[in-house]
Amino acid sequence: MSENLEPVPFLDLAGVNGALREEYERAFSGVLDHGKFIGGPEVAAFEAEFADYCSAREAIGVGNGTDALELILAGLGIGPGDEVIVPANTFIATAEAVCYVGARPRFVDVLPDTLLLDPDAADAAVNKNTAAIIGVHLFGQMVDVDRVGAVAAKHGVAFVEDAAQAHGARFAGQRAGSVGVAAGFSFYPGKNLGALGDAGAVVTQDAELAGKIRRLADHGRSADSRFHHDLRGRNSRMDSVIAGALSAKLRGLDAANAGRVRAWEQYVAQLPAGATPVARHPKAEAVYHLGVVQVENREQVCKTLTEAGIGWGLHYPVPCHLDAAYGDFRESLPVAEAAAERILSLPMSPTLDSAQVARVCNVLRDATRGAPA
Ligand SMILES: *Cc1c(COP(=O)(O)O)cnc(C)c1O
């Protein structure tokens, strides 16, 4: 039997979108026909479908995931003088959103097994200026909603979800987007629900907050007159073509997520001892936006994967609190700092098959052999 040495892409975006080509083309022609390119009927339809999918009352389509977070904070009235608790291990956008409303990110450490926000660290970081805690559902796994929610409730601060990597994830049966005051989603093309360009959404159970965010994202326009602006807003709206394509893709999201779960289970069964998978909380149903392991000799492992034609990524090698633009927030967060040196994202796609997983694990077995465990 000859071994399959085909390259394994980090993310099979062509495979994910290829199957939807005809539906995308239908969405394009529909929008060309009616000509309402921004905020057309496709946007309202997608917002209703996505709110329903998240078991939430409202969804507001916006320009991207970073805007979604910023608009939530602005909608909550968070700004200068306020602090927002952010895990050190996240994509920089989480911190950026806090800074753009004029508030200060207060970085806290993560748990060593899941690499998600440590609820005790969040509890300890709360002070009189704390206005919110952003729970980042990183890699496709929701934070410990019971404990993070309890910390936020105890101190009377908002629990905001960064659900950019967690479309369809659950914790104790509850969907990402349904548990916090509001959640920010990203539809960046590589996300579990990826658009044909930049896009995002705010999802919330709070109709009043939703109305305010909808207006903030549309120049602060007053609800009853398009010529009056009762809020100082900005422009962050969803395009009709993007929304039409997202509706088509949303119908297959659960099946796509199931493909990711299957691939991850195969990884966990076959990974060598030198590659430790990120743990899953027993109450979490993760959707594996990323398949992350920790290795000791990362540089060598990455080199070996590249030579074997296997894609990989690093999410994220520079913890936010050590990044150049955030240097003034510097303090030591040892778990996030140690993990940043060891984390490695393996190929992950809804289409990843068992032969591909086996091949990645075989290469990893050779690459991690002899490394200190
Ligand atoms: C992708 C991402 C964002 C930002 O989303 P954009 O659509 O790229 O602006 C925010 N937070 C996390 C955790 C992300 O992965």
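Residues numbered from 1 in each chain as written. Predicted model: local features only at pLDDT ≥ 70, side-chain atom pairs only at ≥ 80, totals over all residues. Heavy atoms only, no water.

**Q** Teacher, can you tell me more about the sheet that holds strand E15 (residues 343-346) here?
**A** What links the strands of a sheet is backbone hydrogen bonding, and the strands pair in either a parallel or an antiparallel sense. Read across the open sheet, the three strands follow the order E12-E14-E15; overall the sheet is antiparallel. Single-partner strands in this sheet number two, and they are strand E12 (276-277) and E15. The pairing of strand E14 (residues 291-294) with E15 spans four bridges and is classified as antiparallel. If you follow Val293 over to E15, its bridge partner there is Leu344. Across the sheet, helix H10 (residues 253-270) lies against E12, E14 and E15, angled at about 20° from E14, the strand it touches most. (Pairing = 2+ DSSP bridges. Helix = DSSP H or I, 4+ residues; strand = E, 2+ residues; numbered from the N terminus. Contact = heavy atoms within 4.5 Å. Axes fitted to C-alpha atoms, helices over the stretch in contact; angles between N-to-C directions.)

**Q** What's the story with the layout of surface pockets in this structure? I'm lost.
**A** Where empty space is left can be seen by rolling a probe of water-molecule size over the atoms. Taken as a whole, the largest pocket encloses approximately 430 Å³ of empty space. In terms of lining, the largest pocket is formed by 27 residues, of which the most central are Phe91, Gln165, Tyr188, Lys191 and Tyr316. Listing elements by their share of the lining of the largest pocket, those giving two or more residues are helix H4 (65-75) and helix H5 (93-100). No other element matches H4, which puts three residues into the lining of the largest pocket. Per-class residue counts for the lining of the largest pocket are 13 nonpolar, 10 polar and four charged. Inspection of the lining of the largest pocket shows a minimum of three residues originating in each of domain 1 (16-250) and domain 2 (252-368). Here the second largest pocket defines a volume of roughly 350 Å³. Contributing to the lining of the second largest pocket are 20 residues, with Gly39, Glu47, Arg214, Asp218 and Arg237 lying nearest its centre. At the level of elements, helix H3 (41-53), strand E1 (58-62), helix H8 (207-216) and strand E10 (221-222) are the ones that each hand at least two residues to the lining of the second largest pocket. It is H3 that contributes the most residues to the lining of the second largest pocket, three residues altogether. (1 Å grid on protein atoms, 1.4 Å probe; cavity = no way out; pocket = protein on both sides within 12 Å on 5 of 7 lines; lining within 4 Å. Points joined across faces, edges and corners; volume = space filled by probe spheres on them. Nonpolar A, V, L, I, M, F, W, Y, C, P; charged D, E, K, R; others polar. Domains from an automatic or database assignment.)

**Q** Looking at this model, I keep getting lost on the environment of Ala308. Mind explaining?
**A** Mapped onto the elements, Ala308 comes out in the loop between helix H11 (298-307) and helix H12 (334-342). In the structure, Ala308 is positioned 300 residues away from Val8 in sequence and 8.9 Å away in space, judged by C-alpha atoms. In this structure, Ala308 is in contact with Arg359 and Val363, ignoring residues within four places of it in sequence.

**Q** Where do I start with the packing of H11 against helix H13 (residues 354-368) in this structure?
**A** When two helices pack together, you describe them by how their axes are tilted relative to each other and by the distance separating the axes. Where H11 contacts H13, the axes come no closer than 9 Å and their chain directions differ by 140°. Here H11 lies oblique to H13, going by the angle between them. In this structure, H11 meets H13 at a crossing whose hand is right-handed. From H11, Val301, Thr304 and Leu305 reach across to H13, where they touch Val363, Leu364, Ala367 and Thr368. Of the residues belonging to the contact of H11 with H13, the class tally is five nonpolar, two polar and no charged. (Parallel < 35°, antiparallel > 145°, perpendicular 65-115°, else oblique. Left-handed = near helix turned anticlockwise from the far one by under 90°.)

**Q** Help me understand the site of the ligand, please; the structure alone is not making it clear to me.
**A** Residues in close proximity to the ligand total 14 residues, the closest being Gly65, Thr66, Asp162, Ser186 and Lys191. Between the ligand and Gln165, the relevant distance is 2.8 Å, taken from an oxygen atom to a side-chain nitrogen or oxygen of the residue. Considered on its own, the ligand offers 380 Å² of accessible surface; in the complex 93% of this is hidden by protein. Its atoms largely coinciding with the cavity grid, the ligand occupies the largest pocket. Listed by contribution, the elements that provide at least two residues to the shell around the ligand are H4 and H5. In terms of residue class, the shell around the ligand is made up of five nonpolar, seven polar and two charged. (Near = heavy atom within 4 Å. Polar contact = N/O pair within 3.5 Å; in protein donor to acceptor, adjacent residues only side chain to side chain. Areas by Shrake-Rupley, 256 points an atom, 1.4 Å probe, with all protein chains shown as cover. Sits in = over half its atoms within 2 Å of the grid points.)

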